[in-house]
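# Descriptive structure summary
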Amino acid sequence: MSIPMTLIIFGASGDLTARKLVPSLYHLYRKKRLPDELQVLGVSRSPLSDDGFRDRLATSAREFVSNEWDETSWREFAQRLHYVAADASRPIAVEEKLRLLEDPADGRSPSASAIPGGNVSPTPSAGRRLYYLSVSPDLYAPVVDGLGTAGMTRSLGESWRRLIVEKPFGKDQSSAKAFNATLARHFEESQIYRIDHYLGKETVQNILVFRFANTLFEPLWNNNYVDHVQITVSEAVKVGSRGDYYDNSGVLRDMMQNHLLMLLTFIAMESPSRFEATALRNEKLKVLDSIAIRSLAEARDALRVGQYEGYHREKGVAPESRTPTYAALELSVENWRWRGVPFYLRTGKAMRRRMSEIVVQFRCPPHLMFKLPPDQELQCNRLSIRVQPDEGIHINFQSKVPDTPTTDLRPTDLEFSYKDAYPDHPIPEAYERLLLDALNGDASLFMRSDEIERAWAIVDPFVQVSTERSPESYPIGSDGPTGAEALLKRSGRGWLSLCR
Ligand SMILES: NC(=O)c1ccc[n+]([C@@H]2O[C@H](COP(=O)([O-])OP(=O)(O)OC[C@H]3O[C@@H](n4cnc5c(N)ncnc54)[C@H](OP(=O)(O)O)[C@@H]3O)[C@@H](O)[C@H]2O)c1
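Let me sum up the structure you'll find in this document. (Residues numbered from 1 in each chain as written. Predicted model: local features only at pLDDT ≥ 70, side-chain atom pairs only at ≥ 80, totals over all residues. Heavy atoms only, no water.)

### So, the nonpolar core
To keep it simple, the criterion reads: Nine residue types can take part in a nonpolar core, namely buried Ala, Val, Leu, Ile, Met, Phe, Trp, Tyr and Cys, and a core is a set of them joined through side-chain atoms within 4.5 Å. Here's how the labels work: a residue is buried when its accessible area is under 20% of the maximum for its type, exposed when over 50%, partly exposed in between, all with a 1.4 Å probe on protein chains only. Only DSSP runs of H or I covering at least 4 residues are called helices, and only runs of E covering at least 2 are called strands; the numbering of each starts at the N terminus. By definition, residues are in contact when any of their heavy atoms lie within 4.5 Å.
Residues Phe10, Trp74, Tyr132, Leu252, Leu264, Phe343 and Leu345 are the most contacted members of the largest nonpolar core, which totals 143 residues. Ranked by the residues each element gives to this core, the list is headed by helix H8 (residues 243-268), at 13 residues. Ignoring sequence-local partners within four residues, the contact set of Leu252 consists of Gln257, Leu303, Ala327, Leu329, Val459, Phe462, Val463 and Ser466.

This is the structure:
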């Protein structure tokens, strides 16, 4: 008989569950990839019955799974959704319902939550449990402490206990260390799955395939041939309903410390010997360890920040707020492969378009034998990895324009588009892969404590200097503040436009 398996989502009445987690689980169910025995238990304070919870999620799922929606399969899937109204910082209160799911007969016996005081360790149940922290970050430590105190964190053989933690992991290096210490009091590192959903994206994983399952580019992937690297994550959306959180966080903490640095590690890392968690995470950490930590003076010099027009009028934002909604910075990776190659990272809200892209700009030929017209500059080779939208890879190179009296050159693109190459394989939501990996015990695409702490060490000096002065204002729907151009211009380079 298979061992019961439950995904327990703390904060299940929230946005993440409705928009991402449950639609992803439903997709996995339709693809027959969910373990048969998996049940899902939602936990938050709103009073809801199981059916009330299912109805609520049906409404949001209809919207977020759109063309995949099928009433019959949803009804089958929804039988796996359950709910208990409880305070997540007292997780012992969910033990009774959990045991009922794991073993309906056992659930009728005196329950753990009925124990006076509610903090006595229950006898460990035989079920496999994946806890998901989808509450606000200030509740992470209380929930983890609550799970630990209630004896709900110990894995016993195949009856494992695992924990998924959503970003943000702290707000600087010292708070991240403190939170990691809290986690370590109750869980082994191997039980912890810290999500950076960018790593669940197919196109991000494809960076590794592109680099390490082909030989074509690897010989060029170093400071002999690469001039610089640009990593852009631009969002068209404004802060929306997250003004409160965002104003205390800002773009460097919200995006740079996690998503952009992770993209950088995939581009800059050496080949791991195996595609498994320890080898992969060791190589990512080596890249992070090689990134020079800036002094405050250096951080000032290597950073440009901006704030979109009208940000002050957003709900939850302080009227005089200096919180940046845009940041561009320069990092250097101090190792043999990358010494002297600047990595430029930029990200912002309310930009011209939603786009995540990595551009590897190769050096120009040492000598050009072709005569260019006075107004034409040679566009040197460029490789673009488009993470979203229009997922794919473009290689830009020079070609001869046919049938011209002189040898005219023009840049041309060699294109690989996911949509065209795999018309029958639509790109799945990142959470599908990550949820399945955590259920299967594969931590390759999750972050280890040392990676998180080092990433904060890199970003902390930039955060510290980012609010010293008012950020430069930029129009909504633009490429960001014009001052960001100066960061590249001083070395004769320039940002690539967002509307290519
Ligand atoms: N939304 C996203 O796309 C996204 C993306 C990346 C990371 N995250 C992270 O994921 C986490 C959840 O995000 P979210 O957007 O879903 O937040 P949210 O919409 O605010 O939902 C959090 C839920 O937690 C519940 N809650 C609050 N206090 C509780 C308590 N003491 N015990 C039990 N439940 C409690 C609330 O419901 P009740 O009032 O019913 O208790 C609320 O619905 C946050 O840490 C966020 O930073 C979210």
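### A word on the site of the ligand
Quick reminder of the rule: The criterion for a residue being near a molecule or strand is simple. One of its heavy atoms has to lie within 4 Å of it. In protein, a polar contact requires one atom able to donate a hydrogen and another able to accept it; more generally it is a pair of N or O atoms within 3.5 Å, and residues adjacent in sequence count only if both atoms are side-chain atoms. The accessible surface values rely on the Shrake-Rupley method and a 1.4 Å probe; as for residues, cover is taken only from the protein chains in view.
Among the 20 residues in the neighbourhood of the ligand, the closest are listed as Ser13, Asp15, Arg19, Ser46 and Tyr140. Measuring from an oxygen atom of the ligand, one finds a side-chain N or O atom of Ser13 at 2.7 Å. Here an oxygen atom of the ligand sits 3.3 Å away from a polar atom, N or O, in the main chain of Lys167. Burial of the ligand by the surrounding chains reaches 75%, relative to a free accessible area of 870 Å². A total of three residues in the shell around the ligand trace back to one element, the largest contributor, which is helix H1 (residues 15-30).

### Remarks on the sheet that holds strand S3 (residues 81-85)
Either a parallel or an antiparallel arrangement is found when strands of a sheet pair, and the pairing is made through backbone hydrogen bonds. Our working rule: Any two strands with at least two DSSP bridges between them are considered paired. Each axis is a line fitted through C-alpha atoms, and for a helix only the stretch in contact is used; angles between axes span 0 to 180 degrees, taken between their N-to-C directions.
The strand order S3-S2-S1-S4-S5-S6 describes an open sheet built from six strands, whose pairing is parallel. Across the chains shown, the open sheet's two edge strands, defined by having one partner strand only, are S3 and strand S6 (192-194). Looking at each pair of strands side by side, their axes are set apart by 20° on average, direction ignored. In terms of strand pairing, strand S1 (residues 5-10) meets strand S4 (residues 128-133) through six bridges, oriented parallel. When the bridges of S4 are listed, Leu7 appears paired with Leu130. Contacts from helix H12 (residues 430-440) reach S1, strand S2 (38-44), S4, strand S5 (161-165) and S6, with the element oriented near 155° to S5.

### Some points on the state of the cysteines
Put simply, the rule reads: A pair of cysteine sulfur atoms is labelled a disulfide when the two atoms are within 2.5 Å.
With the rule as written, the count across this model stands at one disulfide. Shown here is the disulfide that connects Cys364 with Cys380, its sulfur atoms set 1.8 Å apart. The disulfide joining Cys364 to Cys380 has a torsion of about 95° about its S-S bond and is therefore right-handed. Highlighted residues: Cys364 in the loop between strand S11 (355-362) and strand S12 (382-388) and Cys380 in the loop between S11 and S12, separated in sequence by 16 residues. Taking relative accessible area as the criterion, Cys380 reaches 6% and is therefore assigned buried.

### Side note on the environment of Ala486
Mapped onto the elements of the fold, Ala486 is located in helix H14 (residues 483-489). Judged by relative accessible area, which is 35%, Ala486 ranks as partly exposed. For the pair Ala486 and Arg304, spaced 182 residues apart in sequence, the C-alpha to C-alpha distance is 8.6 Å.

### Considering the packing of helix H6 (residues 173-186) against helix H13 (residues 449-466)
Operational definition: Angular relationships are summarised with four words: roughly parallel below 35 degrees, roughly antiparallel beyond 145, roughly perpendicular across 65 to 115, and oblique for the angles in between. Crossing handedness is defined as follows: a turn of the near helix away from the far one that is anticlockwise and smaller than a right angle gives a left-handed crossing, while the clockwise case is right-handed. Here the nonpolar group is Ala, Val, Leu, Ile, Met, Phe, Trp, Tyr, Cys and Pro; Asp, Glu, Lys and Arg are the charged ones; every other residue, Gly included, is treated as polar.
Across the interface, H6 lies against H13 with an axial gap of 8 Å and an inter-helix angle of 165°. Of the possible angle classes, the one that applies to H6 and H13 is roughly antiparallel. Crossing angle aside, the handedness with which H6 passes H13 is right-handed. Across the interface between the two elements, Gln173, Ala176, Lys177 and Asn180 of H6 pack against Ser449, Ile452, Glu453, Trp456, Ala457 and Asp460 of H13. Its residues assigned to classes, the contact of H6 with H13 shows four nonpolar, three polar and three charged.

### Comments concerning helix H4 (residues 95-102)
For clarity, the cut-off: By construction, the arc corresponds to the directions joining the helix axis to the C-beta atoms.
Taken residue by residue, H4 has Glu95, Leu98, Arg99 and Glu102 as its buried positions. Angularly, the buried residues of H4 cover 95° about the axis, an arc narrow enough to put them on a single face. As for H4, its buried residues are in contact with S1, S2 and S4.

### Some points on the packing of aromatic side chains
Short version of the rule: Each pair of aromatic rings taken from Phe, Tyr and Trp, with Trp reduced to its six-membered ring, is defined by centres within 6.5 Å and is described as stacked if the planes are under 30 degrees apart, edge-to-face if over 60, and tilted in the remaining cases.
The full count for this structure, using the stated rule, is 19 aromatic pairs. Residues Tyr29 and Phe77 carry aromatic rings whose centres are separated by 5.7 Å and whose planes lie at 50° to one another, so their mutual orientation is tilted. Remark: Phe77 occurs in helix H3 (residues 71-78) and Tyr29 occurs in helix H1; sequence separation between them is 48 residues. Relative to Tyr474, the ring of Tyr326 has its centre 5.8 Å away and its plane inclined at 65°; by these criteria the two rings are edge-to-face. Separated by 148 residues along the polypeptide, Tyr326 in strand S9 (residues 326-332) and Tyr474 in strand S15 (residues 472-474) bring together distant segments of the chain. With respect to burial, Tyr326 and Tyr474 carry one shared label: buried. Clustering of aromatic rings is evident, with ring pairs tying together Tyr26, Tyr29, Trp69, Trp74 and Phe77.

### Here we look at the pairing of strand S7 (residues 226-234)
Buried residues dominate S7, accounting for nine of its nine residues. Here S7 pairs with strand S10 (residues 342-348) via six bridges, running parallel. Of the residues in S10, the one forming a bridge with Thr232 is Arg346.

### Some points on H6
As a reminder of what qualifies: Expected span of a helix: the number of residues minus one, times 1.5 Å.
Its 14 residues give H6 an end-to-end C-alpha distance of 21 Å, which sits within 8% of 20 Å, the value for a rise of 1.5 Å per residue. Residues of H6 that are buried in the fold lie against helix H5 (140-149), S5, S6 and H13.

### Notes on the sheet that holds S12
Strands sit in the order S14-S13-S12-S11-S7-S10-S9-S8-S15 across an open sheet of nine strands; the sheet is mixed. Two strands in the sheet have a free side with no partner beyond their single neighbour: strand S14 (409-417) and S15. Within the sheet, the average angular offset between the axes of one strand and its neighbour, ignoring direction, is 20°. One ladder, built from seven bridges, connects S9 with S10; its direction is antiparallel. Pairing of Ser332 across the sheet is with Pro342, part of S10.

### Section: the pattern of salt bridges
Pairs can form between side chains of opposite charge once their charged atoms are near each other. Formally: Every case where a carboxyl oxygen of Asp or Glu lies within 4 Å of a side-chain nitrogen of Lys or Arg is listed as a salt bridge.
Under the definition given, this model contains 34 salt bridges. One salt bridge in this structure joins Arg448 and Asp450, with 3.0 Å as the shortest N-O distance. Look at Asp450 and you get partly exposed, because its relative accessible area is 28%. Counted as one network, the salt bridges with shared partners bring together Glu95, Arg99, Glu102 and Arg129.

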